[in-house]
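# Chain and residue survey
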Amino acid sequence: MFCRNYREKGSDQLVISTGKLRIENNEEVDFTSEDLLDEGEIGRGAYGTVNKMTYKKTGLAMAVKRIRSTVDEKQQKQLKMDLDVVMNSSNCPYIVQFYGVLFKEGDCWICMELMDSSFDKFYRFVYERLKERIPEVVLGKIALATVKALHYLKEHLEIIHRDVKPSNILLDRRGAIKLCDFGISGQLVDSIAKTRDAGCRPYMAPERIDPLTGSGYDVRSDVWSLGMTLYELAIGRFPYPKWNSVFEQLTQVVNGPAPQLQNNYNGVEYTHEFVNFVNTCLIKEEQSRPKYSQLIEHPLIKSYEGKEVDISRYFTNILNQMEAQGYATYTMNDQWP
Ligand code: ATP
Ligand code: MG
């Protein structure tokens, strides 16, 4: 699996981990970190950094996420197998393509398709800088893409995402909207996140935060996070008021009412379908919250399936402005909304 090449460097032995990179035409090649040219950081999260890198041999640009990993070789093997599953399924247009993975000096390098931005940065720029809003037709397309991606992951790969939020939904100038950070990076983050408290994960469903409900993870917890995400993208801020402590988060999410989007917010009207979709995702009681098979039949999703929206033009226009103002490389590192 992971061949180890030992290279002499003075009296020290350097261990270079080799991974398999799947590039154009589904061709697989061995690669090491030395085959990649680092072009700088494009983002930073709580668990690692994302850099733009180029595969020197072909010039393929990619996003490489590096996460500190404490996994042993057996776990690496398992992760690699899991990644193979993800890599073999490139036929969902709504999930980010994986190219390969390698382990180097205690870091896991996950190589994936390079997108232009993520919705956390995008919406903040639109609402806070431009003082505009994301039009509902775009929100509808985001809902469609995300629910289809989540459904695909569950149905075809048996993956539950566990970390649905604006920064894990990516976009590009061609008008693509793709979900990322599932599977292997999700697992790595998850194992680190287990050692952290719920306060670091504001999109978490009530049943996940409540220490009294210890059931297994259900897709419906992701449905809640999807509802929170769409709500946030629609109004331009996190749905709950700012929490000052983990206790406040717990009290509000577990004991308080679920956030419910209104038809009219700050003078902006949303359609009944959109409001209903968001609020259905935010049904507080897990058992009453729908799963994907129901959600994909929702009138909002049905109506956006055939709808022509020039999101490429919309994204390009905003992304160009972000870039002109130096926003494309702007990194978000705050865990608190
Ligand atoms: P957290 O650490 O809480 O999961 P996060 O999702 O923001 O937060 P990362 O997943 O490390 O953290 O990503 C950091 C940033 O890198 C994202 O906000 C996104 O803008 C950018 N990014 C991640 N993957 C890609 C990609 N494939 N293409 C382009 N940009 C990406
Ligand atoms: Mg992420």
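Small disclaimer: the values here were computed from a predicted structure and weren't measured.

Residues given the UniProt feature "binding site: ATP" (unreviewed entry) here are Lys-65. Along the chain, Lys-65 falls in strand E7 (residues 60-68). If near-sequence neighbours (up to four positions away) are discounted, Lys-65 is found in contact with Thr-49, Val-50, Cys-108, Trp-109, Ile-110, Met-112 and Asp-181.

Attention shifts here to the pairing of strand E6 (residues 48-55). Most of E6 sits out of view: six of its eight residues are buried. Inspection of the sheet shows strand E5 (residues 36-44) paired to E6 by six bridges, in the antiparallel sense. Paired with Gly-43 across the strands is Val-50, a residue of E6. Between E5 and the antiparallel strand that follows it, E6, lie three residues. Linkage of E6 to E7, two consecutive antiparallel strands, is achieved through a turn of four residues, within which Gly-59 is found at a positive phi near 80 degrees.

Attention now moves to the pattern of salt bridges. Across all of its chains, the model carries 18 salt bridges by this definition. Residue Arg-174 pairs with Glu-113 through a salt bridge whose shortest N-O separation is 3.9 Å. Of this pair, Arg-174 sits in the loop between strand E11 (169-171) and strand E12 (177-179) while Glu-113 is found in strand E9 (residues 107-113), placing the two residues 61 residues apart along the sequence. Of the charged contacts, one joins Lys-165 and Asp-163 as a salt bridge, the two residues approaching to 3.8 Å between their closest N and O atoms. Grouping residues by exposure puts Lys-165 and Asp-163 together as buried. Connected through shared salt-bridge partners, Glu-113, Asp-172, Arg-174 and Lys-178 make up one network.

Here we take up the packing of aromatic side chains. Under the criterion given, the structure shown has twelve aromatic pairs. Considering the side-chain rings of Phe-122 and Tyr-314, the 5.9 Å spacing of their centres and the 70 degrees angle between planes classify their relative orientation as edge-to-face. Residue Phe-122 is found in helix H2 (residues 119-129), and its partner Tyr-314 is found in helix H11 (residues 311-324); the two are separated by 192 residues along the sequence. Like Tyr-314, Phe-122 is buried.

With that settled, consider helix H7 (residues 246-255). Listed as buried for H7 are Gln-249, Val-253 and Val-254. Projection of H7 onto a plane perpendicular to its axis shows the buried side chains occupying an angular sector of 95 degrees, all on one side. Pointing more than 90 degrees away from the buried face of H7 are the exposed residues Phe-247 and Asn-255. Residues of H7 that are buried make contact with helix H5 (206-209) and helix H6 (219-235).

Ala-46, Lys-65, Ser-118, Lys-165 and Ser-167 are the nearest of the 24 residues found near ligand 1. In this structure, Lys-65 approaches ligand 1 through a side-chain N or O atom, which is 2.6 Å from an oxygen atom. For ligand 1, a nitrogen atom lies 2.8 Å from a polar atom in the backbone of Glu-113. Its free accessible area being 600 Å², ligand 1 has 96% of it covered by the protein chains. Elements with a minimum of two residues in the shell around ligand 1: E5, E6, E7, E9 and H2.

This part covers the sheet that holds strand E10 (residues 117-118). Reading across from one edge, E10-E11-E12 is the order of the three strands in this open sheet, with antiparallel pairing throughout. Only two strands of the sheet have a single partner each, and these edge strands are E10 and E12. On top of the sheet, helix H3 (residues 136-157) reaches E11 and E12; it is set at about 35 degrees to E12, its chief contact.

Rules of the game
- Residues numbered from 1 in each chain as written.
- Chains lettered and ligands numbered in written order.
- Predicted model: local features only at pLDDT ≥ 70, side-chain atom pairs only at ≥ 80, totals over all residues.
- Heavy atoms only, no water.
- UniProt positions renumbered as here; feature names shortened; annotations may be inferred.
- Helix = DSSP H or I, 4+ residues; strand = E, 2+ residues; numbered from the N terminus.
- Contact = heavy atoms within 4.5 Å.
- Buried < 20%, exposed > 50% of the residue type's maximum accessible area, 1.4 Å probe, protein only.
- Pairing = 2+ DSSP bridges.
- Salt bridge = Lys/Arg side-chain N within 4 Å of Asp/Glu carboxyl O.
- Phe/Tyr/Trp six-rings, centres within 6.5 Å; stacked < 30°, edge-to-face > 60°.
- Arc of directions from axis to C-beta.
- Near = heavy atom within 4 Å.
- Polar contact = N/O pair within 3.5 Å; in protein donor to acceptor, adjacent residues only side chain to side chain.
- Areas by Shrake-Rupley, 256 points an atom, 1.4 Å probe, with all protein chains shown as cover.
- Axes fitted to C-alpha atoms, helices over the stretch in contact; angles between N-to-C directions.

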